[in-house]
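Structural overview
What follows is each chain in one-letter form.
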Amino acid sequence: MDTYESKTPVGETITKSTNVLQKVPTGIKGFDEITVGGLPRGRTTLVCGSAGAGKTLFALEFLVRGATEHGEPGVFIAFEETAVELTQSVASLGFDLDGLVASKKLAIDYVHVERSEILETGDYDLNGLFVRLEYAIASVGAKRVVIDSLETLFSALGNEGILRSEFRRLFRWLKDRGVTAIITGERGDGTLTRHGIEEYVSDCVILLEQRVHERFATRYLRVVKYRGTMHGTNEYPFLIHAGGISVVPVTSLGLTHIASDERMSTGVPRLDAMLGGKGIFRGSSVLISGTPGTGKSSLAAHAVQSACRRGERCLYFAFEESQGQFVRNMRSIGVDLKPWLDQGRLQFHASRPTLFGLEMHLANIHRLVEAFDPSVVVIDPVTNFEMVATNAEVRAMLMRLVDFLKSRGITAVFTSLTAGSGALEETDVGISSLMDTWLLVQFLEGSGERNRGLYVLKSRGMSHSNQVREFHLGSHGIDLLDVYVGPAGVLTGSARQTQEAKERADAIARQQEMDRKQRDLARKRAQIEAQILALRAEFEAEEQEVMAILEQDKRRELVLGRDREQMARLRQADPNKQQNGGGAG
Amino acid sequence: MGGSEHDDGRNGKTPSAVVGDVDDFWAQALVDVPRETYVLRLYVVGNSPRSRGAIRNVRKLCDEHLAGRFDLEVHDLNQEPWLARDAQIVAAPTLVRERPLPVQRIIGSLSDIERVLVGLGVSPNPAVDP
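Residues numbered from 1 in each chain as written. Chains lettered and ligands numbered in written order. Predicted model: local features only at pLDDT ≥ 70, side-chain atom pairs only at ≥ 80, totals over all residues. Heavy atoms only, no water.

Looking only at helices and strands, chain B has four helices and four strands in total. Starting at the N terminus and walking to the C terminus, you meet the elements of chain B as α-β-α-β-α-β-β-α. Each of the 130 residues in chain B was classed as buried or not, and the buried ones make up 45%. Here the analysis covers contacts within chain B between residues at least 6 apart in sequence; of these, 68% occur between residues at least 24 apart. Put simply, chain B shows about 6900 Å² of open surface, and 54% of that area lies on carbon and sulfur atoms. (Helix = DSSP H or I, 4+ residues; strand = E, 2+ residues; numbered from the N terminus. Buried < 20%, exposed > 50% of the residue type's maximum accessible area, 1.4 Å probe, protein only. Contact = heavy atoms within 4.5 Å. Areas by Shrake-Rupley, 256 points an atom, 1.4 Å probe, with all protein chains shown as cover.)

So, in structure tokens, the structure goes:
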């Protein structure tokens, strides 16, 4: 009899459907990832939340994306806003509802129900609404339907019994029609919807919420229920920005990113040497923490400059300094960023963290990173986000940011400001576990001055130096110097210089002493050698004398012999005697 | 489906205000109002018992209490679905009083004649037993 009675008996749709629940991509950024594919096809989803939570926009984007990106026309049954109001309110998000309506991809039907105009007498049903729905669906061949918001009927029509049974019929009818539907509902006190619509929706319930923390409102989305499929159960922050809704999944990317073996320089050669000699891994995350004025930004600027020199692109998010100020300040330490800015290799985005909420910042970074596709991203400093959110939220946001950047193979440099007092290594523990490399720049106080000391607290996947280096900012950039480590502890700055001068003096003295000793030795050697020479000369002289005497004696002997013979010859008196040897003289 | 077919059946007698005679104007206006034709539209969906009951009730009501000064049209939204949108129909059956203004909607099977009369702003005809 009644045209809008359900044609299929209860239960049949379930057995008819295939084993796998089919899903319809919503086209809403991030949402399809949370729900592993989108909303259940051919089913009705309840989107509930308090006023201003973004229900209407969520539903509308579902339709607009369906019509423009997935070839699925849609019907919007509006109870709260007229088509004109609706069109105007989403025009700023880039949704051209008029255009979609004109091209028969979208039908908007504004249902006006006003309690003061309505009088109830006797029995009725909602067949009028069914007719309108049917007509609207047929007019565009709709695959998607949004009813925003059904609960308005409760305030306009008094008979709750009739409404409830009619709603039940409506949901079954929508299911039978095979359209994927979104019903919005206002959040009730302690319940998901004010009038308990959720009891009719068994397949999928999404809760939108807006909470204010420290005067900054953040929107959250949660999949309360999604029958027959796995889905993210967390509360996911989402944003409404110039392109519609962006849900930012915390862990949708997971820890599946590929780790690069490539190393890249930090721009400070001595620091590269401390990091296993080759610098940081490409695509890793680096945290530079330190007290104010320790040169965190300068370190980051070096990394940026070195990346730009290699022809890479860098994105710098500054939350403390303006671009002009930063460029000027960096020029004073010999890092000229202007050419890179001019060439478009470096993009600088300076804003106050309080400009908008944390999620907006994150989405902003997402958008700019996707548009610019840099290889290095610097966030300077991350700690300023604590002005707009709690530590836990900042940590969650950074985790998502790190995951996002890692999944794209982007090297991320975060600077973190630690309070002037207290344990430096504790304040950052929250975010440091997310980081692959953690550099700490710290003031080393002593002898009436403060000097910067740089430590590599950790660096995953490389044998990094355990040494403290003195960090010196000069007009030509960063220098890392060895510190003096002696019995008196670590000495830096002028103390180190004094110590070094003293050591130099000592060394010179020692050298001089050694030289002197050597000279003494040489002299002694020379002396001894001279003595040896003298003795030798003496000996030689004596020897010569003796030899001369011996020669004379020999010669005299010879002469004597000859003389004797001559005399004998002269005598010739007794040759026999002579022959007998010797004359009797 | 019944009802008189003449279009926009108002009597066309617009009270002409005489300058400086405000009292007369209001007196005239008050006399004129009850005589205005009731423009009624009944929207039903399908040939259900509820629809038939509503049609029967509204016909009876018009004949008995608005004799000669009503313009009733009955529409089946299954046949003319676009009317549901144009006339802002949600529930069925819905009786819409388009004239006199303001627009008033009475939903339901219209079984309680007295209540319907109150809703329509029609004083019951004393000659008819309710």
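From this point, things continue past the structure.
Moving on to the pattern of salt bridges. All names here are of chain A. The tally for this structure, following the rule as stated, stands at 32 salt bridges over all chains. The shortest N-O distance in the salt bridge between aspartate 109 and arginine 132 comes to 2.9 Å. Note that aspartate 109 is positioned in strand β5 (residues 106–110) and arginine 132 in helix α6 (residues 127–140), a separation of 23 residues in sequence. Note that arginine 516 and glutamate 513 form a salt bridge whose closest N and O atoms lie 2.8 Å from each other. One end of the pair, arginine 516, and the other, glutamate 513, are both in helix α17 (residues 493–571), three residues apart, so they sit about a helical turn from each other. Relative accessible area serves as the criterion here: at 37%, arginine 516 is assigned to the partly exposed category. (Salt bridge = Lys/Arg side-chain N within 4 Å of Asp/Glu carboxyl O.)

In this section: the interface of chain B and chain A. Note on interface size: it is often stated as the accessible area lost on association of the parts. On the chain A side, the residues contacting the 30 residues of chain B number 28 residues. With both chains or domains summed, chain B and chain A bury close to 2500 Å², and 55% of this area falls on carbon and sulfur atoms. Inspection of the chain B/chain A interface yields four salt bridges. The interface formed by chain B and chain A includes 19 residue pairs in polar contact (both at pLDDT 80 or more). Among the elements of the structure, α2 (49–65), α3 (82–86), β4 (104–107) and α4 (113–120) of chain B are those that each provide at least two residues to the side of chain B that touches chain A. In terms of residues, the side of chain B that touches chain A owes the most to one element, β4(B), which gives four residues. (Buried area = accessible area lost by both parts, 1.4 Å probe. Polar contact = N/O pair within 3.5 Å; in protein donor to acceptor, adjacent residues only side chain to side chain.)

All names here are of chain A. Tracing the backbone shows glycine 196 in the loop between β8 (180–186) and β9 (204–213). In this structure the C-alpha to C-alpha distance between glycine 196 and glutamate 151, which are 45 residues apart in sequence, comes to 9.2 Å. With near-sequence residues (within four places) excluded, glycine 196 lies in contact with Glu151 and Arg164.

Before going further, it helps to examine the packing of aromatic side chains. Residue and element names in this part refer to chain A. The final tally for this structure, using the stated rule, is six aromatic pairs over all chains. Pairing tyrosine 316 with phenylalanine 326 gives two aromatic rings, centres 4.6 Å apart and planes at 45°, and the pair type is tilted. Note that tyrosine 316 is positioned in strand β16 (residues 314–318) and phenylalanine 326 in helix α11 (residues 323–331), a separation of ten residues in sequence. Accessibility expressed as a relative area gives 1% for tyrosine 316, which makes it buried. The class of phenylalanine 326 is buried, set by a relative accessible area of 1%. Here the aromatic rings of phenylalanine 326 and phenylalanine 348 are separated by 5.2 Å at their centres, their planes lie at 35°, and the arrangement is tilted. Placement of the pair is phenylalanine 326 in helix α11 and phenylalanine 348 in strand β17 (residues 346–350), with a sequence separation of 22 residues. The residues phenylalanine 326 and phenylalanine 348 share a single accessibility class, namely buried. Clustering of aromatic rings is evident, with ring pairs tying together Tyr316, Phe326 and Phe348. (Phe/Tyr/Trp six-rings, centres within 6.5 Å; stacked < 30°, edge-to-face > 60°.)

Attention shifts here to helix α4 (residues 83–91) of chain A. All names here are of chain A. Every buried residue of α4 is listed here: Leu86, Thr87 and Val90. Along the axis of α4, the buried residues cluster in a sector spanning 100°; they form a single face. Structural note: α4 exposes Val84 and Gln88 on the side pointing more than 90 degrees away from its buried face. In this structure, the buried residues of α4 make contact with α3 (55–69), β4 (74–78), α5 (97–102) and β5. (Arc of directions from axis to C-beta.)

With that settled, consider the packing of helix α13 (residues 358–372) of chain A against helix α14 (residues 391–407) of chain A. All names here are of chain A. The interhelical angle for the contact between α13 and α14, taken along N-to-C directions, is 10°, at an axis separation of 10 Å. Considering the angle they form, α13 stands roughly parallel to α14. Of the residues in α14, those touching α13 at Leu358, Glu359, His361, Leu362, Ile365, His366, Val369 and Glu370 are Glu393, Val394, Met397, Arg400, Leu401, Phe404 and Leu405. Of the residues contributing to the contact of α13 with α14, the split by class is nine nonpolar, two polar and four charged. (Axes fitted to C-alpha atoms, helices over the stretch in contact; angles between N-to-C directions. Parallel < 35°, antiparallel > 145°, perpendicular 65-115°, else oblique. Nonpolar A, V, L, I, M, F, W, Y, C, P; charged D, E, K, R; others polar.)

The subject of this paragraph is the nonpolar core. Residues and elements named next belong to chain A. In this structure, Leu126, Ile147, Leu150, Leu153, Phe167 and Leu174 are the most contacted members of the largest nonpolar core, which totals 44 residues. Of all the elements in the fold, those that place two or more residues in this core are β3 (44–49), β4, α6, β7 (144–148), α7 (152–156), α8 (160–177), β8 and β9. Discounting chain neighbours no more than four positions away, the residues touching leucine 174 are Thr44, Leu133, Val145, Ile147, Val179, Ala181 and Ile183. (Core = buried A, V, L, I, M, F, W, Y, C linked by side-chain atoms within 4.5 Å.)

Bringing the pairing of β4(A) into the picture now. Residues and elements named next belong to chain A. The buried fraction of β4 is high, at five of five residues. A two-sided burial pattern is seen for β4, the buried positions comprising Gly74, Phe76 and Ala78 on one face and Val75 and Ile77 on the other. Of the pairings in the sheet, the one linking β4 to β7 comprises five bridges and is parallel in character. Bridged to valine 75 within β7 is valine 145. (Pairing = 2+ DSSP bridges.)

This part covers the sheet that holds strand β6 (residues 118–120) of chain A. Spatially, the five strands line up as an open sheet ordered β6(A)-β4(B)-β3(B)-β1(B)-β2(B), and their pairing is mixed. In the strand order of this sheet, the two ends are held by β6 of chain A together with β2 (70–76) of chain B, each with one partner. Neighbour-to-neighbour, the strand axes of this sheet turn through a mean angle of 20°, independent of strand direction. By the bridge criterion, four bridges tie strand β3 (residues 94–99) of chain B to β4(B) in an arrangement that is antiparallel. When the sheet's bridge partners are listed, Thr94(B) is paired in β4(B) with Ile107(B).

A separate point is the confidence of the model for chain A. All names here are of chain A. The share of residues in chain A with pLDDT of 70 or more is 89%, and the mean pLDDT across the chain is 81. Contacts of residues 8–17 to residues separated by more than four positions or lying in other chains number six contacts, the stretch itself having pLDDT below 50. Below pLDDT 50 for its whole length, residues 581–585 participates in two contacts with residues either more than four positions away or in separate chains. (pLDDT = per-residue confidence, 0-100.)

The next subject is a nonpolar patch on the surface. Residue and element names in this part refer to chain A. A cluster of nonpolar residues, Val546, Met547 and Leu550, forms a patch on the protein surface that exposes about 290 Å² of accessible area. Mapped onto the secondary structure, leucine 550 falls in helix α17. A residue is classified by how much of its surface remains accessible, and leucine 550, at 49% relative accessible area, is partly exposed. (Patch = residues over 30% accessible without salt bridge, like charges linked within 9 Å, V, L, I, M, F, W, Y side chains within 5 Å.)

Two quantities define a packed helix pair, namely the angle between the axes and the distance from one axis to the other. Residue and element names in this part refer to chain B. Two elements in contact, α2 and α4, have axes separated by 11 Å at closest approach and are oriented at 65°. Regarding the angle of α2 to α4, the classification is roughly perpendicular. In the packing of α2 onto α4, the handedness of the crossing is right-handed. Facing α2, whose interface residues are Asn57, Leu61 and His65, α4 presents Ile113, Val116, Leu117 and Leu120. (Left-handed = near helix turned anticlockwise from the far one by under 90°.)

Attention shifts here to the side chain of Arg169(A). Residue and element names in this part refer to chain A. Within the element layout of this structure, arginine 169 appears in helix α8. A relative accessible area of 10% places arginine 169 in the buried class. Polar contacts involving the side chain of arginine 169 include one to the side chain of glutamate 166, which spans 2.6 Å.

Turning our attention to the pairing of strand β11 (residues 235–241) of chain A. Residue and element names in this part refer to chain A. For β11, the buried fraction is high: five of the seven residues fall into the buried class. Inspection of the sheet shows β11 paired to strand β12 (residues 244–247) by four bridges, in the antiparallel sense. If you follow histidine 241 over to β12, its bridge partner there is glycine 244. Between β11 and β12, which pair antiparallel and follow one another directly, the connecting turn spans two residues.

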